[in-house]
Amino acid sequence: MIPLKSPPPNRGAASLLALLLLLACAAQSWADTAPLNAGKRHYVIWKMDDVKGLSPGFQRLADWLAEHKMKASFGVICNSLEANKPAYADWLKKQAIENGGLIEFWNHGYDHQKNVVENGKTCDAEFKGTSQAFQTKHLADSNALWKAKTGLVFQTFGAPYNTSDAETEKALEKHPELKIWLYGPPTATRLLVLRRSLNLECATGTVSYETFMQAYQKQPQGDCLVLQGHPGKWDDASFDAFQRIAGVLAADKWEFVTPREYRALMNPGK
Ligand SMILES: [Zn+2]
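Residue indices begin from 1 for each chain and proceed along its sequence in written order. Reporting in this predicted model follows two pLDDT cut-offs: at least 70 for local features of residues, and 80 or more for side-chain atom pairs to be given and counted; totals over whole chains, interfaces and linings ignore these cut-offs and use all residues.

Enquirer: Provide a residue-level description of the overall build of the protein chain, including the pertinent values.
Expert: Only runs of H or I of at least four residues qualify as helices and only runs of E of at least two qualify as strands under DSSP, and these elements are numbered from the N terminus. From N to C terminus, the protein chain includes eight helices and 12 strands. A residue is called partly exposed when the number of other C-beta atoms within 10 Å of its own lies between 12 and 20, exposed at 12 or fewer, and buried at 20 or more, with C-beta atoms placed from the backbone. Split into buried and exposed, the 270 residues of the protein chain put 33% on the buried side. Our contact criterion uses C-beta atoms placed from the backbone: two residues qualify when those atoms are within 7 Å. At a minimum sequence separation of 6, the contacts of the protein chain that also span at least 24 residues come to 74%.

Enquirer: Outline the pairing of strand β1 (residues 43-51), listing residues and values.
Expert: Within β1, nine of the nine residues are buried, which leaves it mostly tucked inside the rest of the structure. Any two strands are treated as partners once DSSP identifies two or more bridges connecting them. Sheet topology note: the β1/strand β11 (residues 224-229) ladder contains six bridges and is parallel. Within the sheet, the bridge partner assigned to methionine 48 lies in β11 and is glycine 229. With the strands aimed away from the viewer, a crossover counts as right-handed if its path from the first strand over the helix to the second runs clockwise. As for the winding sense of the linkage, the β-α-β connection from β1 through helix α2 (residues 56-68) to strand β2 (residues 72-76) is right-handed.

Enquirer: Mind laying out the pairing of β2, listing which residues take part and the relevant values?
Expert: For β2, the tally of buried residues reaches five of five residues, placing the bulk of the element in the interior. Two strands pair when backbone bridges link them, and β1 and β2 are joined in this way by three bridges, in the parallel orientation. Note that in β2 the partner of methionine 48 across the bridge is phenylalanine 74. Remark: the β2/helix α3 (residues 86-95)/strand β3 (residues 103-107) crossover connection has right-handed handedness.

Enquirer: I'd like to hear about the environment of glutamate 255, residue by residue, with values.
Expert: Examined against the element boundaries, glutamate 255 turns out to sit in strand β12 (residues 255-256). Using a count of 18 C-beta atoms within 10 Å as the deciding quantity, one classes glutamate 255 as partly exposed. The residues contacting glutamate 255, other than those within four sequence positions of it, are Arg41, His42 and Tyr43.

Enquirer: Talk me through the nonpolar core; I want residue IDs and the actual numbers.
Expert: Under the definition applied here, buried Ala, Val, Leu, Ile, Met, Phe, Trp, Tyr and Cys residues are grouped into a nonpolar core through C-beta atoms within 7 Å. Of all hydrophobic cores here, the largest spans 49 residues; its most connected members are Val44, Ile45 and Phe74. For this core, the element with the highest residue contribution is β1, accounting for six residues. If we ignore the near neighbours within four places in the chain, the residues touching phenylalanine 74 are Met48, Val51, Phe58, Ile103 and Phe105.

Enquirer: Run through the environment of tyrosine 183, naming residues and quoting values.
Expert: By the secondary structure assignment, tyrosine 183 is in the loop between β7 (180-182) and β8 (192-194). Spatially, the C-alpha atom of tyrosine 183 lies 9.6 Å from that of glutamine 228, the residues being 45 residues apart in sequence. Not counting chain neighbours up to four residues away, the residues in contact with tyrosine 183 comprise Gly158, Asn162, Arg195 and Arg196.

Enquirer: So what about helix α4 (residues 132-150)? Which residues, and what values?
Expert: Here the expected span of a helix is defined as 1.5 Å times the quantity of residues minus one. In this model α4 runs 27 Å from its N-terminal to its C-terminal C-alpha over 19 residues, within 8% of the 27 Å that 1.5 Å per residue would give. Residues of α4 that are buried: Gln135, His138, Leu139, Ser142, Trp146 and Lys149. When α4 is viewed along its axis, its buried side chains cluster within an angular range of 120° and face the same direction. Of the residues in α4, the exposed ones pointing more than 90 degrees away from the buried face are Ala133, Ala144 and Ala148. Buried residues belonging to α4 abut β2, α3, β3 and α5 (166-173). One or two residues past the end of α4 sits glycine 151, with phi positive at roughly 80°. Note that the arc is computed from the directions linking the helix axis to the C-beta atoms.

Enquirer: Requested: an account of the confidence of the model for the protein chain, with residues and values cited.
Expert: Here the protein chain shows a mean pLDDT of 88. Residues at 70 or above account for 84%. In the predicted structure, residues 19-35 sits below a pLDDT of 50 and forms two contacts with residues beyond four places in sequence or in another chain. As a per-residue measure, pLDDT reflects the predictor's confidence and takes values from 0 up to 100.

Enquirer: Can you lay out the packing of α4 against α5 for me, pointing to particular residues and giving the numbers?
Expert: One way to put it is that α4 packs onto α5 with a least axis distance of 8 Å and a crossing angle of 50°. Taken as axis vectors, α4 and α5 run oblique relative to one another. At the point where α4 passes α5, the crossing takes the right-handed sense. Each of Gln132, Gln135, Thr136 and Leu139 in α4 lies in contact with α5, whose residues at this interface are Glu167, Thr168, Lys170, Ala171 and Leu172. Among the residues making up the contact of α4 with α5, the classes are represented as three nonpolar, four polar and two charged. Note on geometry: axes are C-alpha line fits, over the in-contact stretch for helices, and angles between N-to-C directions span 0 to 180 degrees. Our angle categories are set so that under 35 degrees counts as roughly parallel, over 145 as roughly antiparallel, 65 to 115 as roughly perpendicular, and the remainder as oblique. Less than a right angle of anticlockwise turn of the near helix away from the far helix marks a crossing as left-handed, whereas a clockwise turn marks it as right-handed. Asp, Glu, Lys and Arg are counted as charged, while Ala, Val, Leu, Ile, Met, Phe, Trp, Tyr, Cys and Pro are counted as nonpolar; the rest, among them Gly, fall into the polar class.

Enquirer: Quick rundown of the environment of alanine 89? Include the residues and the values.
Expert: Along the polypeptide, alanine 89 turns up in helix α3. For the pair alanine 89 and leucine 54, spaced 35 residues apart in sequence, the C-alpha separation works out to 9.0 Å. Beyond its immediate chain neighbours, meaning those up to four positions away, alanine 89 contacts Lys149 and Thr150.

Enquirer: Kindly report on unusual backbone geometry, identifying the contributing residues and their values.
Expert: One non-glycine residue with positive phi stands out, namely lysine 69, at about 50°. Note that lysine 69 resides in the loop between α2 and β2. Classification of lysine 69 as exposed rests on a count of 8 C-beta atoms within 10 Å. The backbone of asparagine 119 shows a phi angle near 50°, a positive value even though the residue is not glycine. Locating asparagine 119 in the fold gives a position in the loop between β4 (114-118) and β5 (121-125).

In structure tokens:
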């Protein structure tokens, strides 16, 4: 450091000092504006829940993603595929990452029901409190309907309401094609569990730029942010907040990948 009250240096030394000060300032301001994740790859996975048909909210988001060449993942409530809706199936196929699109669709349960009645007993939800046989069938029916309507295979699962129990992992074991579990329990062994960290939405279906930024700037960031949203419920203000947040993340050099891409990056060769 340069003492404040040092005697005036000679002319040559003054120029050198000025140059050093300039370099120091430049280095400092560069450090201030350097990307958050400089030197290390970090990933964002958009976990967008509740596709259940052609919806203006999801279509607007898919169009925006295409415009910005940004990848995302969308969870499908699979009984939405029961009825014959060719336009819906065509849209899913067109967006799918397997077909050159930007979106990985994932299994978000068959009916997304709460207070499920099984054999006369009321259970918490589709994947909580129900039997292993019930959960296995719901996974199987979802996977089969998805395959029948799109020709594609889910690799990722996320339980409705992110709620599951010990039977869910056993049911998932019967579906080895499912390899990634969004917001699953940390105890799961075979599947890659991607946990929740930051919240994109301040309440279900509402995105606030200010609330997100407060948490984003405060929290130490991990290697992978899995950010959940419900674009089918977003109003214009939430969609606008999403765009601003995506812009900040892109500027901070987060890479936008889908769950299966992230798994491949973490397990090369598998
Ligand atoms: Zn859901």
